[in-house]
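Fold and geometry: a report
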2 protein chains.
Amino acid sequence: MTHESVLENSVTKHIYFFGHNQADGRADMKALLGGKGANLAEMNWLKIPVPPGFTITTEVCTYYQKERSYPPGLEQELLENLARVEKIMGAKFGDTENPLLLSVRSGARASMPGMMDTVLNLGLNDRTAQGLIKRSGNARFVYDSYRRFVAMYGDVVMGLKPESKDEEDPFEILMERRKKARGITYDVELTVDDLKALVADFKAAIRERKGQPFPEDPMEQLWGAVGAVFGSWQNPRAEAYRRLNRIPDDWGTAVNVQAMVFGNLGDNCATGVAFTRDPATGERVFYGEFLVNAQGEDVVAGIRTPQQTTLAGARQWAQSRGMPEEERKRSFPSLEEVMPEPFRQLVGIAETLEKHYRDMMDIEFTIQDGKLWMLQCRVGKRTGPAAIRMAVEMVEEKLITKEQALLRVEPDALNQLLRPVFDSAAKKKASPLAQGLNAGPGAATGRIVFNAPDAEAWAAKGEHVILVRTETSPEDIRGMDAAEGILTARGGMTSHAALVARQMGKVCVAGCGTLEIDYAKRHMQVKGRTLREGDWISLDGTSGEIFEGQIPTRPSEVLQVLLDKTLKPQEAPVYQRFAKLLGWADEVRRLRVRTNADQPDQCEKAIAFGAEGIGLCRTEHMFFEGDRIDAVREMIMAETAEGRRKTLAKILPYQKEDFVGIFRVMAGRPVTIRTLDPPLHEFLPHDAKTQAALAAKIGKTPEEVKARVESLAEANPMLGHRGCRLGIVYPEITEMQARAIFEAALQVESEGTPVHPEVMIPLVGYVRELEEQARIVRRVADEVMKKAGKKIAFLVGTMIELPRAALTADEIARVAEFFSFGTNDLTQTTLGLSRDDSGSFLPTYLREKIVSYDPFQSIDASGVGQLVQIGTEKGRKTKPNLKVGICGEHGGDPLSVGFFHKVGLDYVSCSPFRVPIARLAAAQAVLRER
Amino acid sequence: MTHESVLENSVTKHIYFFGHNQADGRADMKALLGGKGANLAEMNWLKIPVPPGFTITTEVCTYYQKERSYPPGLEQELLENLARVEKIMGAKFGDTENPLLLSVRSGARASMPGMMDTVLNLGLNDRTAQGLIKRSGNARFVYDSYRRFVAMYGDVVMGLKPESKDEEDPFEILMERRKKARGITYDVELTVDDLKALVADFKAAIRERKGQPFPEDPMEQLWGAVGAVFGSWQNPRAEAYRRLNRIPDDWGTAVNVQAMVFGNLGDNCATGVAFTRDPATGERVFYGEFLVNAQGEDVVAGIRTPQQTTLAGARQWAQSRGMPEEERKRSFPSLEEVMPEPFRQLVGIAETLEKHYRDMMDIEFTIQDGKLWMLQCRVGKRTGPAAIRMAVEMVEEKLITKEQALLRVEPDALNQLLRPVFDSAAKKKASPLAQGLNAGPGAATGRIVFNAPDAEAWAAKGEHVILVRTETSPEDIRGMDAAEGILTARGGMTSHAALVARQMGKVCVAGCGTLEIDYAKRHMQVKGRTLREGDWISLDGTSGEIFEGQIPTRPSEVLQVLLDKTLKPQEAPVYQRFAKLLGWADEVRRLRVRTNADQPDQCEKAIAFGAEGIGLCRTEHMFFEGDRIDAVREMIMAETAEGRRKTLAKILPYQKEDFVGIFRVMAGRPVTIRTLDPPLHEFLPHDAKTQAALAAKIGKTPEEVKARVESLAEANPMLGHRGCRLGIVYPEITEMQARAIFEAALQVESEGTPVHPEVMIPLVGYVRELEEQARIVRRVADEVMKKAGKKIAFLVGTMIELPRAALTADEIARVAEFFSFGTNDLTQTTLGLSRDDSGSFLPTYLREKIVSYDPFQSIDASGVGQLVQIGTEKGRKTKPNLKVGICGEHGGDPLSVGFFHKVGLDYVSCSPFRVPIARLAAAQAVLRER
């Protein structure tokens, strides 16, 4: 078989072999073999040393989930592949003289780190252990491996692993008990006899708890482990992870069965994880961590603090923690120092892999008796800034194209470059509490919580929290998502906390060893100080520093260049990469990007971020400023159109001034101004005191004010007297707003600045509504322009935010000069779902997978999106060149932007800070289409 | 030209002539000639004596509305047609010797009685008047006609008619002033000189008010009148009428110009209105009213109490008012007695017309010097009962087919046969206050109001009102619509009040001469008693009696047969016709008709009315009965699923009992039961006292109860935690309801009664919601049936009441076994319109014609209806035989039923009392399709 011919394999093949620089599979077969299996195969083709093994396909997983049994023929296939492994390794599975041990690992199409189960050292029993002792001459290693295996098997296959973190693992309890009895602290202090006794203890615990013995038969062990890995696809952690990462349930996982190699055979053994570039910063340096005499899981689990692979990295690491070089050399030497030959080989493999995959790779390796084995390689996770840096630099290195670079960066990652950093003056004054690893860049301030459920609960109440854990585990994901930042006492840059935080774009300081956390007392101690739940701390995820209290933040480098102009572009490499990438995005994208802004300063920001116009200027926000609200309230209290007109005249100069400011900043870019939208009761005071004050101001009795407030109260304000319904009943309001817009536009134009106002009528359901409101707007525009003796071009359009508007868009387009989908309200009406009230059941819906994501965050493509599509098609049937945009929150959501591109909208509009995200997402949409 | 060839006329023809038993037009050209013009033409073809004239088409009206000018060539055409009239009449328009006078009347495609303007006696000026005096030898007649003409012209053409009823007509003021000055009471007492002076006064008033003189030139008068009639199409009364009757604005009106004939030339002259059958009861008798020596408008305006045409009718009329035969003969002789020859001729013409038109005709006639002229004929308006009687009897007479009969009855008319009548015992005890004409059948009780705006305002507050007026006019329409009944002091069976009330199906007693109304004092006096605004009165519209106070009502004849069984069908002719018509409807209709009912007695009623199943059984109504609400509240207060299950167990027996009762009554007809729908806060008490009582009952503190009530409060309950969202979060509720349904079904089946339960899940937006709820229902069904050792068939389906559900109906149909459109909620969400809150702007929307009708009353076909269509099509794409129904309020609205038929639904479901309406509407939908 060749690398090219692997696809000719029969479709009924269930197991794919790899080993000896040959494989049945390939890197592009991830759907069938999972990421791990496909890359193990590929590494064989690249002649990289990989322990031989085989991959049971994801199709078997899907079959197993459905049928609760294996497809016919699988057993025979497994035996044949096992024989091939045995042949290469020169050992036999279950053999008492020269036993082959196996690892059994999950491997899904998408990486789901730590989510599913793994069993190592499989094949050990009392008899094979004796054989292995004979062959290795290392009883301690064998019993250590044996006790690990029995515990893992008990946890994973026989289900003794506690569901919640409140319970302790039964095997850990036994471990601790024995260490206590022996008066020792560390695992390594356990003797061979201790380990042997532990194996017996563990087996007894299994029999006691499960009523059945630990299986001594290696073949039974193997099938048990395979079934457990397939079963782990459905465990709650894995399901939660898939939900969060939108991985379909029917993908399934593959199972990789591989000959064991051992990093724990002695001091010329090691195991480690490395990245071909720095995953935190993106810098082009080889970066890795390892542990001598350890098994792979030890590194990721963060139980011991790992050493650095390169000498330079190790020195820097020690420096940042103030560790003397002597101590470093003694306790934390680099791999480069302790095993120079495997190190050189590792660096070479890293180069091969990066060139081959054209991406930064995350690799796992084990050194057994000085021989390097690669256990896994995959595209490495990275922080947002790192992703941007790598993408841009790889283009410069001609490793990838601009288009590939654009697809390499999650649009949301751009947000990390805009995140505030600590104000350096304030930070200097603050005394650092401790130093950890800079695992997730950015600055975060929040109140301490010590477990994930608390993080979720506090955040739901609007608190900013920092989740502090000894170490994190997959159970903590939702809590990590809710926190501003994550701080752990143990684990390295490749620990669970670091990996997940980077992926989420969270600030994270990991492995801060000076931290002592007492979950029960809900406090932590560090250098003699005690911080309790609820106390404020600040994390600098870029430097790894931890501070007590709140530290004021200041704008990021990008913001200093773009907004504050305190930094010149040429002094700001991060900004340069940011700008370069977005420049490429702008060359590619078809969708225009506007912003939702209603104040000149917001407009300035948005323009700096690349906004090409305003897609939504809400006029009502201006109503609350200063004492304008008094005039607004007086207007609402007026009993006649005449009375309203009189008070509206007071509001007019304010509105005009607002628009003047905006038109000046926008300098000729289109400005879409929405006429008054919220129900009038939102402007009135609801407490007796303010009502009395208002009454006094406008010469009414408090009872009259109260009566008006009550008369305006609504059962369902969302579906009530708002939007254009206000302008229909009170046309004088629309008149005043139109007057303000056109007077402002004429004034700014007379200053020499071009203006492009677009007046947008909200909540239209019937074309007649738009007709009426457009008539008023055009009449006022005529009047104002006639008076000024000058004409400016403008548009009158409408929001499409009711299902009826989308369904009758062909009629509405007869009058509308543009459409803008208001997907917030369209979501509320299409789903019959009040955003304010959904909190009582949406969490259940997400948990029970009734919905796969919050429809207010990403557009519900099949429902709300269908209406967007219908509305766009019908609108353009009437007016082929109708300009169509969207100005709901979804305008800044990458997934939604992709949808809007596909539907063929002209622009999206989002909040200023999400403009870069929308630009990149829009470019990706084009590239994904190709 | 022949009757058959008229359609060959060129399309550019603007004027259609008629006269001398020939015409350019025909009865089926109503769209072009208006109803009046088309029928005037047709009567010529039938050789019925009609004063010659011509019709200016509705197309000219449309042209005139748009261009504010007439189409080219119109003037020439008019002159040619005028010449033909002059030739037939042997008189000349504007001639000073032998002047021809003209009437100018509007005539739209649909009858709009009294809505538009009319000018009579046109052509008079000081010189033609002299000519006419010479030829007629009747100066009084000429000056009476002249003063009428000047006043009409001033009012209609020159716009002096006051807009509101608060102002008085300037010509009436002058009239009254002159009568006062002369010390006389009645118009007839005015002398020739008085009338002559009035003409001068009137002209002076015109010049003074309008700054221009009354036009003496007859041609100028003619064009002025034509323009005024065209203009009257846009007057507010006409617009209001069209809105109420859903007549398109672009139909326009025609103008009929016709030679004047005079009913006011002396005592051998008369004018009258007649019906070929009794319009109130439908009985096959010639029925009419007339006035001697009067002009046509006098009869309709109700100013004088008219006489009866037939002797039998006159005797009956007198008898019912206790008038001695002597007095009747003297003051109110019949036409049969005073002008026997024209009467015979009139009866003959009536027969000819009814046979020709195959319908009851409403005719206007004038007798000039003993010669009968027909001024108009049209299909006559009738009460609901009369419509049914005529339709059924005309089939029996073989005048029309069953299908025609079905189309003759407005479905809503059936409702009039179900309306309560007064309890006869209570009515006997009540002393009749007075007697009027039985102008609109039925019994009504309400509080007195004296003007239309009050009627509207009081009704809006939920009051039952009786509108009492001296006479009504088109301005009163909305007030009449709001009132339970209408009582007038003047006018006959053909007065405005009587006509409109019949059309609206309102109870009406007209022409109660003993009533003295004082609008200013807001009271009325009758036989020495004074009744004030707000006092209760009762009207028997079937007998014409008026009673003081409230009289209890009892069921109508139909209800006595169907529900009370106190009357045998053979003793109930009204019931027999009702049943016969609905029997025919059942033969024709394709849509099934179900009912919305949740109690056994409602189900019984619905079955009696022909319901074929239950389309919506709301389970929550049962929750409020007796002390069940305590258990429900305890359930809501429970903190855990376990706690809820415990209290739900208390509710289970109640629910089961309810369903047992319903299944028994429905006896094998399908019963669609909806699971819990309203938000839980609807069940909790909101006042402190009841909260405290509840707290005591369930062992909680009042604060806990209050806190729970507050935690359940929602910003937009309509879009909140309700419908299946309850069952998803609290699956134990669905479980309990399913258990109650299936236990009840099994019990009733074991009694020998078949059962067909259909479980309906409300507010589904995502197919996963339905999946989850259906899974629970089916699991419980399995359990219950296994336990009982018996199986029954059942369905699980869903309501489609959210736009998303309709848009993704193809997915939902994978799970649903039936759909039922909940058009109430679908209207709220599709239009973003809260039914509870729309009162603040929907009236403006109707007034401003933003919407042409209330979308909660008749389905919004282009928006909500589009979703019904999409949902049905998509649902059936997945499941071709999917049963699809509708169970919103629209299920009983004829217009909506027609729409649902067209879309292809299987059934509609409505409240029990609307079942007959839906049956007829469903049949009409089939017939209209043919």
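Residues numbered from 1 in each chain as written. Chains lettered and ligands numbered in written order. Predicted model: local features only at pLDDT ≥ 70, side-chain atom pairs only at ≥ 80, totals over all residues. Heavy atoms only, no water.

Re the packing of helix 34 (residues 823-831) of chain A against helix 36 (residues 861-878) of chain A
Residues and elements named next belong to chain A. At their nearest, the axes of helix 34 and helix 36 sit 9 Å apart, and the two run at 120° to each other. As the angle between them shows, helix 34 and helix 36 are arranged oblique. Read as a crossing pair, helix 34 and helix 36 show a hand that is right-handed. Counting all contacts with helix 34, which are made through Thr823, Leu826, Thr827, Thr830 and Leu831, the residues of helix 36 involved are Gly863, Val864, Leu867 and Val868. Of the residues in the contact of helix 34 with helix 36, the class split is 5 nonpolar, 4 polar and no charged. (Axes fitted to C-alpha atoms, helices over the stretch in contact; angles between N-to-C directions. Helix = DSSP H or I, 4+ residues; strand = E, 2+ residues; numbered from the N terminus. Parallel < 35°, antiparallel > 145°, perpendicular 65-115°, else oblique. Left-handed = near helix turned anticlockwise from the far one by under 90°. Contact = heavy atoms within 4.5 Å. Nonpolar A, V, L, I, M, F, W, Y, C, P; charged D, E, K, R; others polar.)

Brief notes about the interface of chain A and chain B
Each partner contributes to the interface: chain A provides 47 residues, whereas chain B provides 47 residues. Of the roughly 4000 Å² buried where chain A meets chain B, counting both sides, 57% is carbon and sulfur surface. Across the chain A-chain B interface, the total number found is 2 salt bridges. Remark: the boundary between chain A and chain B carries 30 residue pairs in polar contact (both at pLDDT 80 or more). Listing elements by their share of the side of chain A that touches chain B, those giving two or more residues are helix 29 (724-729), helix 31 (767-788), helix 32 (803-807), helix 34, helix 35 (842-847) and helix 36 of chain A. Among the elements that take part in the side of chain A that touches chain B, helix 36 of chain A stands out by supplying 6 residues, more than any other. Among the residues making up the side of chain A that touches chain B, the classes are represented as 20 nonpolar, 14 polar and 13 charged. (Buried area = accessible area lost by both parts, 1.4 Å probe. Salt bridge = Lys/Arg side-chain N within 4 Å of Asp/Glu carboxyl O. Polar contact = N/O pair within 3.5 Å; in protein donor to acceptor, adjacent residues only side chain to side chain.)

What to know about the packing of aromatic side chains
All names here are of chain A. Considering all chains together, one arrives at 36 aromatic pairs over all chains under this definition. A ring pair is formed by Tyr64 and Tyr70, whose centres lie 5.0 Å apart and whose planes are at 20°; its orientation type is stacked. For Tyr70, a relative accessible area of 24% puts it in the partly exposed group. With a centroid separation of 5.1 Å and 65° between ring planes, the pair formed by Phe609 and Phe913 is classed as edge-to-face. Of this pair, Phe609 sits in the loop between helix 24 (600-608) and strand 28 (614-618) while Phe913 sits in the loop between strand 34 (907-910) and helix 38 (915-929), and the two are 304 residues apart along the sequence. Ring pairs connect the aromatic residues Tyr64, Tyr70, Trp223 and Phe230, which therefore count as one cluster. Stacked on the ring of Trp233, the Lys or Arg Arg242 has its end atom at 3.9 Å from the ring centre. (Phe/Tyr/Trp six-rings, centres within 6.5 Å; stacked < 30°, edge-to-face > 60°. Buried < 20%, exposed > 50% of the residue type's maximum accessible area, 1.4 Å probe, protein only. Lys NZ or Arg CZ within 6 Å of the ring centre and 35° of its normal.)

A word on the environment of B:Ser103
All names here are of chain B. Structurally, Ser103 can be placed in strand 6 (residues 102-108). Residue classification places Ser103 among the buried residues on the basis of a relative accessible area of 2%. The spatial distance from the C-alpha of Ser103 to the C-alpha of Met736 is 75 Å, given a sequence separation of 633 residues. Those residues within four positions of Ser103 in sequence are excluded, and the remaining contacts are Val119, Leu120, Asn256, Val257, Gln258 and Met260.

Quick word on the relation of the copies chain A and chain B
For these two chain copies, the linking operation is a rotation about an axis paired with a shift along it. Expressed as a screw operation, the relation of chain A to chain B combines 0.0 Å of axial shift with a rotation of 180°, fitting to an RMSD of 0.1 Å. In the structure described here, the two chain copies are related by an operation that fits a two-fold rotation axis. (Least-squares fit on C-alpha atoms with pLDDT ≥ 70 in both.)

Side note on the sheet that holds strand 6 (residues 102-108) of chain A
All names here are of chain A. With antiparallel pairing, 6 strands are arranged side by side in an open sheet as 2-1-3-8-6-7. Each edge of the open sheet is held by one strand with a lone partner, namely strand 2 (22-23) and strand 7 (118-122). Two elements, strand 6 and strand 7, share 3 bridges in a ladder whose sense is antiparallel. Bridge pairing in strand 7 links Arg105 to Thr118. Here helix 3 (residues 74-89) sits on the sheet in contact with strand 1 (15-19), strand 3 (53-56), strand 6 and strand 8 (253-259), set at roughly 5° to strand 1. (Pairing = 2+ DSSP bridges.)

Regarding the pairing of strand 25 (residues 545-548) of chain A
On any regular strand, side chains alternate: one points to one face of the sheet, the next to the other face. All names here are of chain A. In the sheet, strand 15 (residues 432-435) pairs with strand 25 via 3 bridges, with the strands oriented antiparallel. The residue of strand 25 that forms the bridge with Ala434 is Ile546. Where strand 24 (residues 536-540) lies against strand 25, 4 bridges are found, and the strand directions are antiparallel. Looking across to strand 25, one finds that Leu539 is bridged to Ile546. Connecting strand 24 to the next strand, strand 25, in antiparallel fashion are 4 residues, including Gly544 with a positive phi near 85°.

Quick look at the sheet that holds strand 3 (residues 53-56) of chain B
Residues and elements named next belong to chain B. With respect to topology, 6 strands assemble into an open sheet ordered 2-1-3-8-6-7, the strand pairing being antiparallel. Edge positions in the sheet fall to strand 2 (22-23) and strand 7 (118-122), since each has one partner strand and no second. In terms of strand pairing, strand 1 (residues 15-19) meets strand 3 through 4 bridges, oriented antiparallel. Bridge assignment links Phe18 to a residue of strand 3, and that residue is Gly53. Against the sheet, helix 8 (residues 218-232) contacts strand 3, strand 6, strand 7 and strand 8 (253-259), and its axis sits at roughly 150° relative to strand 8.

Side note on helix 1 (residues 30-45) of chain B
Residue and element names in this part refer to chain B. Helix length check: helix 1 (16 residues) gives 16 Å between terminal C-alpha atoms against 22 Å at 1.5 Å per residue, more than 12% under. The largest bend in helix 1 is about 80°, located at Lys36. Most of helix 1 sits out of view: 14 of its 16 residues are buried. Lys47 sits one or two residues past helix 1 and shows a positive phi near 60°. (Expected span 1.5 Å × (residues − 1). Bend = angle between axes of the 7 residues up to and from the residue.)

Here we look at helix 8 (residues 218-232) of chain A
Residue and element names in this part refer to chain A. Between the first and last C-alpha of helix 8 there are 21 Å, a value that for 15 residues agrees with the 21 Å anticipated at 1.5 Å per step. Across the 15 residues that make up helix 8, a large majority, 11, are buried. Of all the residues in helix 8, the buried ones are Pro218, Gln221, Leu222, Trp223, Ala225, Val226, Gly227, Ala228, Val229, Phe230 and Ser232. N-cap assignment for helix 8: the residue whose side-chain oxygen lies 3.1 Å from the backbone N of Met219 is Asp217.

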